[in-house]
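# Overview (structure and organization)
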Amino acid sequence: MRPDRSDTQALAAQRRSVLDALSEAAGPLTGRAISILIGGSDDRIAADERLLYPALHGLEASGKIRAAWLPGPDGTLRRTYRMRPLWPPISGLIRSR
Amino acid sequence: MTLNLLTLVAFVGGFLGLIALAIALVRRGELHLGPGQMPDDRIVQHADGAESIDVYLDRMAAEMRLPAGDTADIRAELLDHLADSIAALEAEGFDHQAAIREALGRLGPPVELGRQLRAAHQTTGRLFAGAGGGVLAAGGGFLLGYIGAAAAGFVVILVLALAASLVSRLGIPTPNLSTPDGNAVGNGLYLTFVLAAGAAVSMRFAVRVSAGLGRRSPRGAAVFWTVAGVIVFGSWAVFGIRGQQSWVGAVVAPAVPIAAAFGALYRIDRPMPHVGRWALVIAIGAIAILELGYGLLLSAGVTTSGATFEQGASQPDFHFDHAAPIAPAAWLPAGAIAGNDYSETGGIGHASSYFLAASPDQASQAPIPLTGVLAGWHDLRFEAWHAYPNWEPNSPIGVDTSYPSPFVIEPAIVNGDTLDAGFNFEKLRDGRDWWFFVTGVGPDGNRYRLSDGHGGWTPFNGSVWDWITAPQ
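All residue numbers refer to positions counted from 1 along the written sequence of the respective chain. As a convention, the first chain written is A and the first ligand written is 1, with the rest following in written order. Totals for whole chains, interfaces and linings use all residues, but because this is a predicted model, local features are given only for residues with pLDDT of at least 70 and pairs of side-chain atoms are given and counted only at 80 or more. Derived side-chain values reflect all non-hydrogen atoms in the structure, with water molecules and hydrogen atoms excluded from consideration.

### Brief notes about the overall build of chain A
Heads up, the condition is: Only DSSP runs of H or I covering at least 4 residues are called helices, and only runs of E covering at least 2 are called strands; the numbering of each starts at the N terminus. All accessible areas in this document rest on Shrake-Rupley with a 1.4 Å probe, and a residue is counted as covered only by the protein chains that are shown.
The helix and strand tally for chain A stands at 4 helices and 3 strands. Ordered by position from N to C terminus, the α and β elements of chain A give α-β-α-α-β-β-α. Only carbon and sulfur atoms are counted for the fraction: they give 55% of the accessible area of chain A, which is about 6,000 Å².

### Considerations on the sheet that holds strand S6 (residues 413-415) of chain B
Residue and element names in this part refer to chain B. What counts is decided by this rule: A strand pair is defined by DSSP finding two or more bridges across the two strands. Convention adopted: a line fitted to C-alpha atoms gives each axis, helices being fitted over their contacting stretch, and angles between N-to-C directions are expressed from 0 to 180 degrees.
Strand order in this open sheet of 4 strands is S2-S3-S7-S6, and the pairing throughout is antiparallel. What marks the edges here is a single partner per strand, and that holds for strand S2 (337-345) and S6. With strand direction ignored, the average angle separating the axes of adjacent strands in the sheet is 25°.

### Things to note about the packing of helix H8 (residues 218-240) of chain B against helix H10 (residues 255-265) of chain B
All names here are of chain B. What counts, and what does not: In this scheme, roughly parallel covers angles under 35 degrees and roughly antiparallel covers those over 145, while 65 to 115 is roughly perpendicular and the rest are oblique. The crossing is said to be left-handed when, going from far helix to near helix, the turn is anticlockwise and less than a right angle, and right-handed when the turn is clockwise. By definition in these notes, contact holds between two residues if any of their heavy atoms fall within 4.5 Å. Asp, Glu, Lys and Arg are counted as charged, while Ala, Val, Leu, Ile, Met, Phe, Trp, Tyr, Cys and Pro are counted as nonpolar; the rest, among them Gly, fall into the polar class.
Direction vectors running N to C along H8 and H10 enclose 160°, while the axes themselves pass 8 Å from each other. Relative to H10, H8 is oriented roughly antiparallel. When the axes of H8 and H10 are compared, the crossing they make is right-handed. Of the residues in H10, those in contact with Ala222, Thr226, Gly229, Val230, Phe233, Gly234 and Ala237 of H8 are Val256, Pro257, Ala260, Ala261, Ala264 and Leu265. Partitioned by chemical class, the residues of the contact of H8 with H10 number 10 nonpolar, 3 polar and no charged.

### Topic: unusual backbone geometry
Among all residues save glycine, negative phi is the norm, and among peptide bonds the norm is trans. Cut-off, in case you're wondering: Exposure categories follow from relative accessible area, calculated using a 1.4 Å probe and restricted to protein chains: below 20% of the type maximum is buried, above 50% is exposed, and the middle band is partly exposed.
A positive phi angle, near 55°, is found at Arg215(B), a position not held by glycine. Taking relative accessible area as the criterion, Arg215(B) reaches 10% and is therefore assigned buried.

### With respect to the interface of chain B and chain A
It is common to give the size of an interface as the accessible area that goes away when the parts come together. Cut-off, in case you're wondering: Summed over both partners, the accessible surface that disappears when two parts come together, traced with a 1.4 Å probe, is what is meant by buried area. The term salt bridge refers to a side-chain nitrogen of Lys or Arg lying within 4 Å of a carboxyl oxygen of Asp or Glu. The definition of a polar contact used here is a pair of N or O atoms within 3.5 Å, where within protein one atom must be able to donate a hydrogen and the other to accept one, and adjacent residues in sequence count solely through side-chain atom pairs.
The interface is formed by 31 residues belonging to chain B together with 26 residues belonging to chain A. Roughly 2,600 Å² is buried in total at the junction of chain B and chain A, and carbon and sulfur atoms are behind 53% of that figure. The tally of links from chain B across to chain A stands at 3 salt bridges. One salt bridge connects Glu77(B) with Arg79(A), and the closest N-O pair in it is separated by 3.5 Å. Where chain B meets chain A, there are 10 residue pairs in polar contact (both at pLDDT 80 or more). Where the side of chain B that touches chain A is concerned, the elements lending two or more residues are helix H3 (68-91), helix H4 (96-107) and helix H5 (110-121) of chain B. Looking at which element gives the most residues to the side of chain B that touches chain A, the answer is H3(B), with 10 residues. Taken together, the residues of the side of chain B that touches chain A sort by class into 13 nonpolar, 8 polar and 10 charged.

### Comments concerning the nonpolar core
Convention followed: Each nonpolar core is a collection of buried residues, namely Ala, Val, Leu, Ile, Met, Phe, Trp, Tyr and Cys, held together in the definition by side-chain atoms within 4.5 Å.
Val18(A), Ile34(A), Leu56(A), Ile53(B), Met60(B) and Leu78(B) are the most contacted members of the largest nonpolar core, which has 34 residues in total. Within the residue set of this core, elements represented by two or more residues are helix H1 (5-24) and helix H3 (49-61) of chain A together with helix H2 (50-64), H3, H4 and H5 of chain B. For Ile34(A), the contacting residues outside a window of four places in its chain are Val18(A), Ala21(A), Leu22(A), Leu29(A), Leu52(A), Leu56(A) and Tyr81(A). Grouped together as the second largest cluster of nonpolar side chains are 25 residues, Ala384(B), Val408(B), Leu419(B) and Leu428(B) included.

### Let's talk about the sheet that holds strand S2 (residues 65-71) of chain A
Read from one edge of the open sheet, 3 strands run S1-S3-S2 (chain A), paired in antiparallel fashion. With one partner strand each, in any of the chains shown, strand S1 (29-30) and S2 of chain A form the two edges of the open sheet. Looking at chain direction, S2(A) and strand S3 (residues 77-83) of chain A are connected through 7 bridges and run antiparallel. Directly across from Leu70(A), in S3(A), lies its bridge partner Arg78(A). Lying over the sheet, H3(B) contacts S2 and S3 of chain A, oriented at roughly 95° with respect to S3(A).

### Re the packing of helix H6 (residues 124-169) of chain B against H8(B)
Residue and element names in this part refer to chain B. Here H6 crosses H8 at 40°, and the two axes come no closer than 13 Å. It follows from the interaxial angle that H6 and H8 lie oblique. Between H6 and H8 lies a crossing whose hand is right-handed. Judged by residue contacts, Ala131, Gly134, Val135 and Phe142 of H6 engage Trp225, Phe233 and Trp236 from H8. Of the residues belonging to the contact of H6 with H8, the class tally is 6 nonpolar, 1 polar and no charged.

### Considerations on the pairing of S2(B)
Residue and element names in this part refer to chain B. The sheet contact formed by S2 and strand S3 (residues 348-356) spans 9 bridges and is antiparallel. Of the residues in S3, the one forming a bridge with tyrosine 342 is alanine 351. In this antiparallel pair of consecutive strands, S2 and S3, the connection spans 2 residues, and glycine 346 shows a positive phi of 60°.

### Some details on the confidence of the model for chain A
This is how the line gets drawn: For every residue, the pLDDT score states the predictor's confidence, bounded by 0 at the bottom and 100 at the top.
In this model, chain A carries an average pLDDT of 80, and 74% of its residues clear a pLDDT of 70 or more. Segment residues 42-47 of chain A: pLDDT under 50, and 14 contacts once partners within four positions in sequence are set aside and those in other chains are kept.

### Looking at the environment of Ser85(B)
Within the secondary structure, Ser85(B) is located in helix H3. Here Ser85(B) falls in the buried class, since its relative accessible area comes to 4%. In this structure, the C-alpha to C-alpha distance between Ser85(B) and Ala99(B), residues 14 residues apart in sequence, is 8.0 Å. Setting aside anything within four residues of it in sequence, one finds Ser85(B) in contact with Arg32(A), Glu49(A) and Ala103(B).

### Section: a nonpolar patch on the surface
Here is the rule we go by: Excluding any residue in a salt bridge, patches collect residues exceeding 30% relative accessible area, merging like charges within 9 Å and nonpolar Val, Leu, Ile, Met, Phe, Trp and Tyr side chains within 5 Å.
A contiguous nonpolar patch, built from Phe239(B), Trp247(B), Trp465(B) and Ile468(B) and spanning about 430 Å² of accessible area, is present on the exposed surface. Locating Ile468(B) in the fold gives a position in helix H13 (residues 464-469).

### A look at H3(A)
All names here are of chain A. For clarity, the threshold we go by: Multiplying 1.5 Å by the helix residue count minus one yields the expected span of that helix.
Here H3 contains 13 residues, and its C-alpha end-to-end distance of 19 Å stays within 8% of the 18 Å for a straight helix at 1.5 Å per residue. With 10 of its 13 residues buried, H3 lies for the most part within the structure. Just past H3, the residue glycine 63 takes up positive phi, approximately 85°.

### What about the packing of aromatic side chains?
When we look at a pair of aromatic rings, we describe it by the centre distance and by the angle of the planes. All names here are of chain B. Short version of the rule: Any two of the Phe, Tyr and Trp rings considered here, Trp counted by its six-membered ring, make a pair once their centres fall within 6.5 Å; the pair's planes then place it as stacked at under 30 degrees, edge-to-face at over 60, or tilted in between. Remark: a charge is flagged as sitting over a ring if the NZ atom of Lys or the CZ atom of Arg is within 6 Å of the ring centre and within 35 degrees of the ring normal.
Throughout the structure, instances matching the rule amount to 26 aromatic pairs over all chains. Ring geometry for phenylalanine 262 versus tyrosine 266: centroids 4.8 Å apart, planes at 10°, classification stacked. Both rings, one in tryptophan 331 and one in tyrosine 448, keep their centres 5.6 Å apart while their planes meet at 75°; by these two values the pair is edge-to-face. One end of the pair, tryptophan 331, is in the loop between strand S1 (309-311) and S2; the other, tyrosine 448, is in strand S9 (residues 447-449), with 117 residues separating them in the sequence. Through pairs of rings, three or more aromatic residues link up here, namely Tyr342, Phe382, Phe407, Phe423, Phe425, Trp434 and Phe436. Of note, arginine 429 hangs over the ring of tryptophan 467, and the distance from its end group to the ring centre comes to 5.9 Å.

### Comments concerning the environment of Asp95(B)
Residue and element names in this part refer to chain B. Summarising the element assignment, aspartate 95 is placed in the loop between H3 and H4. Its relative accessible area of 48% is what places aspartate 95 among the partly exposed residues. Spatially, the C-alpha atoms of aspartate 95 and alanine 412 are 104 Å apart, while their sequence positions differ by 317 residues. In terms of polar contacts, aspartate 95 uses its side chain to reach the backbone amide nitrogen of glutamine 97, at 3.1 Å.

See the structure below:
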């Protein structure tokens, strides 16, 4: 079943919102943290959560963002997202040598 | 010599490189097809309301139709998200069950979420990556399976040969398998086994890699690869592989496409066994075994490929009169020596017959132009008759008298001082042992042979299809 035009537009808008949120973030964020950043409050995010994860996974598939399982404050692993860096960190390159 | 060595190094290096690439692709694909990157015991746990959440996630996962690893990761991620949402909603005053309903409701209908996530993962780029990776993995997997099976089969043959040697030393008779028929059957079985193993591993690798990289379920990818594998490997086994053939080889040839389908379909959802550096070590060891074993065979003087073995003869007890009586000397060039030659080029046998002028000095003998000499003859032709197998120790020699007629007749073409004809013995099922003569109808109206002809043997050389459709 092909998504209709309004679905596609809504998903594109959600992707832009996700990219905006991640570009302003200082570090990797979980999907829920991104949702809160986009919505501004828990009440306002209700409608957008339907497309949050399709947008996140679509952006990851297209290579625009990176995902990784990182330990949270309580030690449990959480899937986090961050913008894809243009270059690998120089410190990593130095360490690898 | 240097060029040959470089070619060998390039071939072996290329093969090993392709195998290494296939193994790397399998390992990458298994990341998505395995249990997932997220260990279960590290996932945030939720106690109450687990049932309704599980039902939601199950319905979503069923709609996603993604590989198991990706499905597990998405479930874990959404579980984590829901736990946080439920906790936040409870902090706002929702009771637990209402918080679960609200959190699930915000994610939308599970079927719709599953569909959207499937669309997000199964992109066109990943589809091409899966297809390309599958092709490369199929090539490397085939080499790995082929080499491994060839080495394993070779070791089994050596063990059986040793066992047969011991048995024969004890005085127990063993069947003679070193005949051309035995060789053709043995080669056919061995080649089919090796190809089938290669096809099965190839398709296994292809399905798992294309499913993993393309984010498709292995069962869905297996349908495509089964069709492709059966067509490619089936065509190759029936039409592509050329050499000695037998009915046993023709009967077992379908095992190759069947093995391809088996490799693609049988328990394809199960994770691949860990393949890593040991697969490369096994491949290198298998190549070493094959090289050493082949070298031993060559040094022992055993041939493993078909060839034409000829022998000229002019003996009175070779049953040549069964074909036709020799022509009266008065109708042939006086004192001339008859000669016959046979050579093969590109699978076509070229037979020629001629007369050399009589001369005490052998070196000055010259071919006699045939136009005038054979003026009284007509309907000159080459006849190929079945011959007794001259490779059997106690077999009679010469024309096989159990056949009443020649199995191939070709018109003789006068070409200056020779009579020429072409034969295609290697495409005849029953044309291995042969003896050809030139015969013609003499001035008295009877057919005679002009000389004692030429004998040899040519093993069948063609595909399974050539064997099945051969004229005899």
